[in-house]
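Structure assessment
What follows is the residue order along each chain.
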Amino acid sequence: MKHPAPTHAVDMLIVGAGFAGLYMLHKARSMGLDALVLEAAPGVGGTWYHNRYPGARVDIQSMEYSFSFDEALQQQWRWSERYAPQPELLRYANHVADRFGLRDGIRLSTRMAGAHFDEPSQRWTVQAESGESWSARFLVMASGPLSSPNLPDFAGLKDFAGPVYHTANWPHEPVDFSARRVAVIGTGSSAVQAIPIIARQASELTVFQRTAAYAAPAHNGPLDRELEARIKADYAGFRARNRRMHGGFGSLLPPNPVSALAASAEEREAAFEQRWKIGGFAILGTFNDLLMNEQSNALVAEFVRGKIRAIVKHPGTAQLLSPTHTIGCKRLCVDSGYYDTFNRPNVRLVDINQAPIERITSKGLRTGGREFEFDALVLATGFDAMTGTMMRLDLRGRDGLRIQDKWHAGPLNYLGLGIAGFPNLFNIAGPGSTSAFTNVIVAIEHHVDWIADCIAYLDAHGLHTIEASEQAEAAWAEHVNAAARRTVFLSCNSWYLGANIEGKPCMFMPLAEGFPRYADHCAQVARDGYVGFVLQ
Ligand code: NA7
């Protein structure tokens, strides 16, 4: 990165105009700060701008996956479906940008290249790929935990003669798969949502599966207007109750506070069945230890495998679709007809676990010595999650410390919010916080409010910088690890661990202790004068 003198000075530079960046900008302005958002895309919305693949929708119910910071907004906005589809979420992000007059604080189509901390001025110099640069006292990374698509280095990918799509970078024009032979690589959440729709359009669909996915039915449909009215009668109370839930959502149906091992086989079956009918993540709250105890986990995993066997008619396909890892260890998918899609005559499933993809050819791909031909290829291969975006930047803290060196063994930080050596840099919903384990909008609002309080504290005490201490970071890394060890989350190769990306250090990144405990912890740190941080 070159070092021209910054052309503009702001109090706060925010990276990303997804939900986190929008709320951070609004909050910063309400504090009288001069803030600017840089957004690489030509529109706001972050995740919901890019992930336009067929069937893309949120897996937390719309009434919960929305901002709570403004009563009029939450009262007036009306969701159409139980789980909002991507276009509606994108409209919501745009509505928020307009409603709060945020557009003039957002530079679209402006990708950040890097940022260097300048010791003499104690400010960040932030550079865009365009060459423009800004000087900012605070740098807020609102770039999202799932924003760098994972494009595996398949041999021969460039040789493929047809179009190649990535679910996280989908074209803006509708893609018409009718009368086309389509291949999908990957069977995570994105694939599970897209496959039933692609299968209805395509003449032939081949799904290449490395790891079978657990999916619970969404039972999506029009939003229940009675439920909406009930929630809106006391939306603030509903939000507060959700914030006391482990994942920041689900207060309408709290987890059953008993162990699966304490119930009889009949009781368990009936309880699982009841929650399966409700749909979504409800099944994982049937008992209180399903994600903590492998024995209990095995019971619910087998219940879901039983559902797969009941839905999928061909026993060999049912077997291949039946996951063998712990359920919930990779994020549970929430589906609409995924398993049933494999009953269609135009859909086939190919195992690439035993025989990985050898190469992509001009006409298709080769695996296990077999050739498969198709006209279009969909990569549903996920993300370089939680750290991918920051690790691609030329981000340098004190003494030129590069983020790539700082995080070579994993994303060290304190509370997920601050990084030693990177003063006045805050990371929203990143590693070390409950992030992806939470209703992410709850996580975002919590982080933005915490950052705002922190800045107010600095100003009230005549301080200029805040920075995590290395001791606090080391203790926090152990805290995050210890929380993961109390769960089943270390038992599979998930993106939580970085295990989906070749060469990425394996370190459990999100904090699994639950949002309420984490929020209490952050509040305590603030009450104690930001203990664990160095303030100057
Ligand atoms: P995921 O959940 O990471 O799924 C990616 C899928 O792609 C998964 O089935 C992977 O198999 C597969 N994959 C990744 N790389 C390869 C290679 N090299 N070869 C074959 N298969 C591969 O991403 P999604 O976009 O579906 O969802 C991400 C999150 O977004 C989700 O958790 C929700 O929070 C929303 P693997 O399991 O690694 O064997």
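Up top is the structure these notes are about.
Residues numbered from 1 in each chain as written. Predicted model: local features only at pLDDT ≥ 70, side-chain atom pairs only at ≥ 80, totals over all residues. Heavy atoms only, no water.

Comments concerning the pattern of salt bridges
Counted by the stated rule, this structure contains 29 salt bridges. One salt bridge in this structure joins Asp449 and Lys27, with 3.4 Å as the shortest N-O distance. Taken together, the residues Asp449 in helix α14 (residues 440-460) and Lys27 in helix α1 (residues 19-30) connect sequence positions 422 residues apart. One salt bridge in this structure joins Glu473 and Lys406, with 2.8 Å as the shortest N-O distance. Taken together, the residues Glu473 in helix α15 (residues 470-485) and Lys406 in helix α13 (residues 403-406) connect sequence positions 67 residues apart. Here Lys406 falls in the buried class, since its relative accessible area comes to 11%. When salt bridges that share partners are traced, they join Arg78, Arg225, Glu228 and Lys232 into one network. (Salt bridge = Lys/Arg side-chain N within 4 Å of Asp/Glu carboxyl O. Helix = DSSP H or I, 4+ residues; strand = E, 2+ residues; numbered from the N terminus. Buried < 20%, exposed > 50% of the residue type's maximum accessible area, 1.4 Å probe, protein only.)

So, the sheet that holds strand β13 (residues 357-360)
Judged by pairing direction, the sheet is antiparallel, and its 3 strands sit side by side in the order β13-β14-β15 without closing on themselves. Two strands in the sheet have a free side with no partner beyond their single neighbour: β13 and β15 (370-373). Pairs of neighbouring strands in the sheet enclose a mean axial angle of 20°, with direction left out of account. One ladder, built from 4 bridges, connects strand β14 (residues 364-367) with β15; its direction is antiparallel. Bridge pairing links Leu365 to Phe372 in β15. (Pairing = 2+ DSSP bridges. Axes fitted to C-alpha atoms, helices over the stretch in contact; angles between N-to-C directions.)

A closer look at a nonpolar patch on the surface
A surface patch of nonpolar side chains, amounting to about 220 Å² of accessible area, comprises Leu252, Leu253 and Ile278. Accessibility expressed as a relative area gives 32% for Leu253, which makes it partly exposed. (Patch = residues over 30% accessible without salt bridge, like charges linked within 9 Å, V, L, I, M, F, W, Y side chains within 5 Å. Areas by Shrake-Rupley, 256 points an atom, 1.4 Å probe, with all protein chains shown as cover.)

Focus on the nonpolar core
Met12, Phe177, Leu415, Ile428 and Trp450 are the most contacted members of the largest nonpolar core, which totals 121 residues. It is α14 that provides the largest number of residues to this core, a total of 9 residues. Formed by 23 residues, the second largest nonpolar core is a distinct cluster that contains Trp124, Ala128, Met141 and Trp407. (Core = buried A, V, L, I, M, F, W, Y, C linked by side-chain atoms within 4.5 Å.)

Some points on the state of the cysteines
What the rule picks out here adds up to 1 disulfide. The thiol of Cys454 is not disulfide-bonded; the next cysteine sulfur, from Cys522, is found 11 Å away. With no disulfide of its own, Cys506 lies 11 Å from the sulfur of Cys492, the closest cysteine sulfur. Classification of Cys506 as exposed rests on a relative accessible area of 56%. (Disulfide = S-S within 2.5 Å.)

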